[in-house]
Amino acid sequence: MLEWFALKLGELVLKVKGSLVTLRGISEFMEDYPLDEILLKAIKGSEGVYPFGELATYGAALLGATVHRKGYPRFLTMDDLVLTPPAFTPKRLEKMAELLREPVFTDVNLETSIGGLKSSMPLVVGTMGSTDIASRYSLVIARAAAKEGIPYGIGENVHTIRGYDRRLTRGHPSFKERVMAYLTNIDKYGGVIIQQNVEDAYDEHWNKVYSDKDLEPYLDEGRVAFEIKVGQGAKPGLGGVIKMRKEEAVKVKEKYHFLEDPAEARTAWVERYSAPGTYTADILRGMIRLMKTSYPRAKVWIKVGPFRDVLEVVKVSYEEGADAVIIDGKEGGTGMAPSVAMKELGYPTVVGLAKIRKARLMGVDDRMSLLLAGRLFNGAHIVKARALGATAIYVGRPFIVAAMVKDEAGVRNFIEATRVETQMIVSALGKYSIGDVSPEDVASLNRDLASALGVPYVYSGEP
């Protein structure tokens, strides 16, 4: 009898475990992603830069630096770098003379030009596409980004799946709704980045945008950039992966290649794959030249994944006069990617930063912006990236998390908290312009990473 109960208990445990396995993705995201930090900022705004809650408030909390990690990391991250303020700060003295008072962190200037777009800080809303979650919060994020003065990206398949200027799917805005929600709310800062993949190209997406009368004034002002997607961090080399509802797939089956005929599919959803179209350096070179000829009023941005030959992409883009290149590390977010791709393909974001550092040392100057992407979410990440050669960070998931918890106010709160954090850190380094931070401000907790980035190893005992 005891054995029978043990067997039944074992069956029950396995069934519960089996149910939980189906929640993979959600449970891993909840456990691994810095949700607490982002949610606190989204709810409390600039107050969220402090670690206080309702029970541990100012004057009643005991605080200190955390020395333990939740789990042993598989690879190094941006958190293996630290910022090292000096005791002597001549630029603080200069700022005091300029202001005729003691400077504070709010005196730090974060204004930046990113790929030809003027931004209030080195932060960009990365191009997020047609997936349900990105689409559902897209208008909220667009309005918040515009009002906070940072560039905003619209990703692939929005035109083809959600419609250009009329809604193709209930409850989801069209491309035109997204872009106008942003552009009609910008002031002196901002600009929109519009991605086009192979499928979008079949629908002549950029041609429609470029000839759209409602977008004409923003093109004339230089507020529009077109982004070529060479790859992304979560699935470098694999191209686009999307699930379409069967009835939608049937409508476009003559235009796109499917692994099976959608009309004969027995499931409600059909997968569609596409391959990256930049097979050689000459093809990329030709694409940039064609864009500059066909769309002279639009900036040219290139998004690339953690490829081993990424410096060649940067070199070609720089030589052809592209405005920006984004390097997305393997921690980069995605709406859909195979687990084995996220685990095994490409290198971590911090290696992408090492590539940016090397590109700058090779002579790629600030005529072309270099952006870093992949699990970046706070002001320290901005300062570390800037100090080592990046122009800005390119962020996606934190904006969705912030929108989910408090709509437009949550996104604005998150941006404001990140702005305050960045200003505080730059002022701690004794500087009052984001353009003044440099490699001297960074050290590494790991000897190999220190060597790769050309910064001090913090435990070496050397200055």
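By the naming in an unreviewed UniProt entry, the chain goes by Ferredoxin-dependent glutamate synthase and is assigned to Thermofilum pendens. Comment text from UniProt for the chain, heading Sequence similarities (unreviewed entry), reads "Belongs to the glutamate synthase family."

Novice: Let's hear about the overall build of the chain: which residues, and what values?
Specialist: The helix and strand tally for the chain stands at 19 helices and 14 strands. In terms of overall dimensions, the chain is globule-like: its C-alpha atoms have a radius of gyration of 23 Å, near the 23 Å expected for 463 residues. Considered along the principal axes of its C-alpha atoms, the chain spans approximately 80 × 75 × 40 Å. Nonlocal contacts in the chain, meaning residues at least 24 apart in sequence, comprise 72% of its contacts between residues at least 6 apart.

Novice: I'd like a rundown of the packing of helix H14 (residues 310-319) against helix H16 (residues 349-361), residues and numbers included.
Specialist: Two numbers describe a pair of packed helices, the interaxial angle and the distance between the axes. In the contact formed by H14 and H16, the axes pass within 10 Å of each other and the chain directions differ by 45°. The angle between H14 and H16 places the two elements in the oblique class. You can see that H14 and H16 cross each other, and the crossing is right-handed. Note on element contacts: H16 touches H14 through Lys355, Lys358 and Ala359, opposite Val310, Leu311 and Val314. Within the contact of H14 with H16, the residues separate by chemical class into four nonpolar, no polar and two charged.

Novice: Give a detailed account of the domain arrangement of the chain, specifying residues and quantitative values.
Specialist: Split into domains, the chain comes out as domain 1 (107-236 + 278-453) and domain 2 (240-273). Inter-centroid distance (C-alpha atoms) of domain 1 to domain 2 is 29 Å. Taken together, the contact between domain 1 and domain 2 spans 11 residues of the former and 11 residues of the latter. Carbon and sulfur atoms supply 56% of the area buried between domain 1 and domain 2, which totals about 940 Å² over both sides. On the domain 1 side of the interface with domain 2, the three residues burying the most area are Ile161, Glu199 and Met336, jointly 46% of the side's total. Applying the counting criterion to the domain 1 and domain 2 interface returns zero salt bridges. Taken together, the links from domain 1 to domain 2 amount to zero residue pairs in polar contact (both at pLDDT 80 or more).

Novice: Give me the packing of helix H13 (residues 281-294) against H14: which residues, what numbers.
Specialist: Two elements in contact, H13 and H14, have axes separated by 10 Å at closest approach and are oriented at 35°. Viewed along their axes, H13 and H14 form a crossing whose handedness is right-handed. Residues Ala281, Leu284, Arg285 and Ile288 of H13 lie in contact with H14, whose contacting residues are Glu312, Val313, Val316, Ser317 and Glu319. Taken together, the residues that form the contact of H13 with H14 break down as five nonpolar, one polar and three charged.

Novice: Quick rundown of the pairing of strand E13 (residues 392-395)? Include the residues and the values.
Specialist: Neither face of E13 is open: one carries Ala392 and Tyr394, the other Ile393 and Val395, and all of them are buried. Looking at chain direction, strand E4 (residues 123-128) and E13 are connected through three bridges and run parallel. By the bridge assignment for E13, valine 124 is matched with tyrosine 394. The sheet contact formed by strand E12 (residues 369-373) and E13 spans three bridges and is parallel. Its bridge partner lying in E13, leucine 372 is registered against isoleucine 393.

Conventions adopted
Within any chain, residue numbers begin from 1 and follow the written order of that chain's sequence. Note on the predicted model: pLDDT of at least 70 is required for a residue's local features to be given, and 80 or more for side-chain atom pairs to be given and counted; whole-chain, interface and lining totals, by contrast, use all residues. The basis for every side-chain value is the complete set of heavy atoms in the structure, and neither hydrogens nor water enter the calculation. UniProt positions are given in the numbering used here, feature names are shortened, and annotations may be inferred rather than shown by experiment. Secondary structure elements are defined from DSSP: runs of H or I of at least 4 residues count as helices, runs of E of at least 2 residues count as strands, and each element is numbered from the N terminus. For the radius of gyration, the atoms used are the C-alpha atoms, and the globule rule reads 2.2 Å times the number of residues raised to 0.38. Contact criterion: two residues are considered in contact whenever any of their non-hydrogen atoms come within 4.5 Å of each other. Geometry is summarised by axes, namely lines fitted to C-alpha atoms with helices restricted to the contacting stretch, and by angles between N-to-C directions that run from 0 to 180 degrees. Angles are sorted into four bins: roughly parallel if under 35 degrees, roughly antiparallel if over 145, roughly perpendicular if 65 to 115, and oblique for all others. Should the near helix be turned anticlockwise from the far one by less than a right angle, the crossing is left-handed, and should it be turned clockwise, the crossing is right-handed. Residues are grouped as follows: Ala, Val, Leu, Ile, Met, Phe, Trp, Tyr, Cys and Pro are nonpolar; Asp, Glu, Lys and Arg are charged; all remaining types, including Gly, are polar. Residue ranges assigned to the domains are those given by an automatic or database domain assignment. Throughout, buried area stands for the accessible area (probe radius 1.4 Å) lost by two parts on being put together, summed over both. Salt bridge, as used here: a side-chain nitrogen of Lys or Arg that lies within 4 Å of a carboxyl oxygen of Asp or Glu. A 3.5 Å cut-off defines polar contacts: any pair of N or O atoms within that distance qualifies, except that in protein one atom must be a possible hydrogen donor and the other a possible acceptor, and neighbouring residues in sequence count only when both atoms are side-chain atoms. Categorising residues by exposure relies on relative accessible area from a 1.4 Å probe, with only protein chains included: less than 20% of the type maximum marks a residue as buried, more than 50% marks it as exposed, and the intermediate range marks it as partly exposed. DSSP bridges decide pairing: two strands pair if at least two such bridges lie between them.

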